[in-house]
Structure formats: C-alpha cells, structure tokens
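A look at the structure
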Amino acid sequence: MTKGLPMHWRLIPQRYNLLGSKCETCSTHFFPQRQVCPNCRRKGKLSEVAYSGRGKIFSYTVVHAAPRGFEFKKPYVLAIVELEEGPKVTTQIVDCNPGEIEIGTPVKLVFRLIEARGKEDIIKYGYKFKVERN
C-alpha cells in the first residue's frame with residue numbers, strides 16, 4: 001500500500017458531510033455546492049451550509065436489474081430526497097424493505113460503504129439515507 005492513501009478519503013469533506021451552498025442574497029439552498037447563484041448571478045453571495053440530513057422521499061424507484069458489480073444488492077431503492085432545507089439529493093435508501101417505501105416517507109442521513117476493491121485499496125464511504133422510524 002502506498003504511504004498516505006488512507007488520508008485520501010479523510011481529506012474530502014463532501015464525502016463525510018452533506019455540504020451545500022446558500023445564497024445570502026435570495027436565500028436559495030443548493031446541493032451540491034455551487035460557485036455562482038443561478039438566480040442572482042454576480043450579485044449573489046454564497047456561503048457553505050452543512051445540511052441536517054433529514055428529509056422526505058420526493059420520488060423513488062426499485063432497482064431489480066442491477067448493473068454489474070451491484071447484483072448482490074438487488075432489489076434496492078434509489079430515491080430523490082427533498083431535504084428539510086429544500087434541495088433535492090439523489091441517493092440510495094438502505095436498511096429497508098423496498099415495499100415499505102412511499103413518496104413522503106421521512107428519511108435521515110447515514111454514512112455507508114460505497115466501495116472496497118481489495119485488501120490494499122482505498123475504502124470509500126459516502127452518504128445514503130434510511131427510513132426514519134419513530
């Protein structure tokens with residue numbers, strides 16, 4: 001293993017935080033982060049926002065014919081989640097029975113394994129969502 005590789009994933013804040021942008025001029029939230037507000041253009045002032053990680057399912061699909069490398073995960077749910085702050089995020093819904101998912105189902109952010117290729121390779125983690133149970 002090359003020295004310093006484990007630091008690779010630790011140095012990417014977006015992989016471990018749900019970070020977006022907020023335009024201080026028009027109060028619009030964006031995900032992923034933007035450099036320019038599409039509404040205000042040059043007049044907009046963007047700031048970094050760490051989102052709560054809570055939201056609801058806006059739309060979803062259940063994947064039964066998975067692409068190569070993901071066959072062992074099928075069936076699984078891919079969804080567009082509308083965050084409490086407003087932006088929409090495309091994500092996988094984990095730890096659920098696909099039959100229990102409905103539009104409007106409350107969900108919360110979790111961090112999970114995305115990819116681990118080999119014993120000596122970088123292990124990648126990222127955000128996914130799961131059903132928020134009362």
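Below is a short write-up of the structure. Remember, it's a predicted structure, so these values are computed and weren't measured experimentally. (Residues numbered from 1 in each chain as written. Predicted model: local features only at pLDDT ≥ 70, side-chain atom pairs only at ≥ 80, totals over all residues. Heavy atoms only, no water.)

**Looking at the overall build of the chain**
Inclusion rule: Secondary structure follows DSSP: runs of H or I at least 4 residues long count as helices, runs of E at least 2 residues long count as strands, and numbering of each begins at the N terminus. Under the scheme applied here, a residue whose accessible area is under 20% of the maximum for its type counts as buried, over 50% as exposed, and between as partly exposed, the area being computed with a 1.4 Å probe on protein chains only. We call two residues in contact whenever any of their non-hydrogen atoms come within 4.5 Å of each other. Throughout, the Shrake-Rupley method with a 1.4 Å probe supplies accessible areas, and for residues the shown protein chains are the sole cover considered.
Within the chain, the secondary structure is distributed over two helices and eight strands. When burial is assessed residue by residue, the chain has 27% of its 134 residues classed as buried. Sequence separation of at least 24 residues holds for 47% of the intrachain contacts in the chain that already meet a minimum separation of 6. Element-wise, carbon and sulfur atoms account for 51% of the exposed surface of the chain, whose accessible area totals about 9,000 Å².

**Looking at the pattern of salt bridges**
Quick reminder of the rule: Whenever a carboxyl oxygen of Asp or Glu lies within 4 Å of a side-chain nitrogen of Lys or Arg, that contact is scored as a salt bridge.
Counting across every chain of the model gives three salt bridges. Of the charged contacts, one joins Arg 54 and Glu 132 as a salt bridge, the two residues approaching to 2.2 Å between their closest N and O atoms. Note that Arg 54 is positioned in strand 4 (residues 54–63) and Glu 132 in the segment after strand 8 (123–131), a separation of 78 residues in sequence. The shortest N-O distance in the salt bridge between Glu 100 and Arg 133 comes to 2.9 Å. With Glu 100 in the loop between strand 6 (88–94) and strand 7 (106–116) and Arg 133 in the segment after strand 8, this pair connects stretches of sequence that are 33 residues apart.

**A closer look at the nonpolar core**
Short version of the rule: As used in this record, nonpolar core signifies buried Ala, Val, Leu, Ile, Met, Phe, Trp, Tyr and Cys residues forming a set joined through side-chain atoms within 4.5 Å.
Counting 15 residues, the largest nonpolar core has Val 81, Leu 83, Ile 93 and Phe 129 as its most contacted members. Residue assignment for this core shows that the elements contributing at least two residues are strand 5 (76–83), strand 6, strand 7 and strand 8. For this core, the element with the highest residue contribution is strand 5, accounting for four residues. What Leu 83 contacts, discounting residues up to four positions off in sequence, is Leu 18, Tyr 51, Arg 54, Gly 55, Val 89 and Phe 129.

**A look at the environment of Gln 92**
The cut-off we apply is this: Here a polar contact is taken to be a pair of N or O atoms separated by no more than 3.5 Å, where protein atoms must pair a possible hydrogen donor with a possible acceptor and residues adjacent in sequence count only if both atoms sit in side chains.
Relative to the helices and strands, Gln 92 resides in strand 6. The exposure class assigned to Gln 92 is buried, which follows from its relative accessible area of 16%. Spatially, the C-alpha atoms of Gln 92 and Tyr 127 are 8.5 Å apart, while their sequence positions differ by 35 residues. Leaving out residues up to four positions away in the same chain, Gln 92 has contacts with Tyr 76, Val 77, Leu 78, Lys 128 and Phe 129. One polar contact links Gln 92 to Lys 128, side chain to side chain, over a distance of 3.0 Å.

**Some points on the environment of Leu 18**
On the secondary structure map, Leu 18 appears in the loop between helix 2 (13–16) and strand 1 (19–23). Leu 18 gets classed as buried once you look at its relative accessible area, which sits at 3%. Setting aside chain neighbours within four positions, we find Leu 18 in contact with Phe 31, Val 49, Ala 50, Tyr 51, Gly 53, Leu 83, Leu 109, Tyr 127 and Phe 129.

**Some remarks on the packing of aromatic side chains**
Spelled out, the test is: For Phe, Tyr and Trp, where Trp contributes only its six-membered ring, two rings pair if their centres lie within 6.5 Å, and the inter-plane angle classes them as stacked under 30 degrees, edge-to-face over 60, or tilted in between. Geometrically, a charge over a ring is one whose NZ (Lys) or CZ (Arg) sits within 6 Å of the ring centre while staying within 35 degrees of the ring normal.
Tallying each qualifying case throughout the model produces one aromatic pair. It is Lys 88 that lies over the ring of Phe 58; its NZ or CZ is 4.6 Å from the centre.

**Quick look at the pairing of strand 1**
This is how the line gets drawn: Any two strands with at least two DSSP-identified bridges between them are counted as paired.
With respect to burial, strand 1 is a largely interior element, four of its five residues being buried. The sheet contact formed by strand 1 and strand 2 (residues 29–30) spans two bridges and is antiparallel. Looking at strand 2, one finds that Ser 21 is bridged to Phe 30. Joining the antiparallel neighbours strand 1 and strand 2 is a turn of five residues, in which Ser 27 adopts a positive phi near 65°.

Shape is all these values report; function is a separate question.
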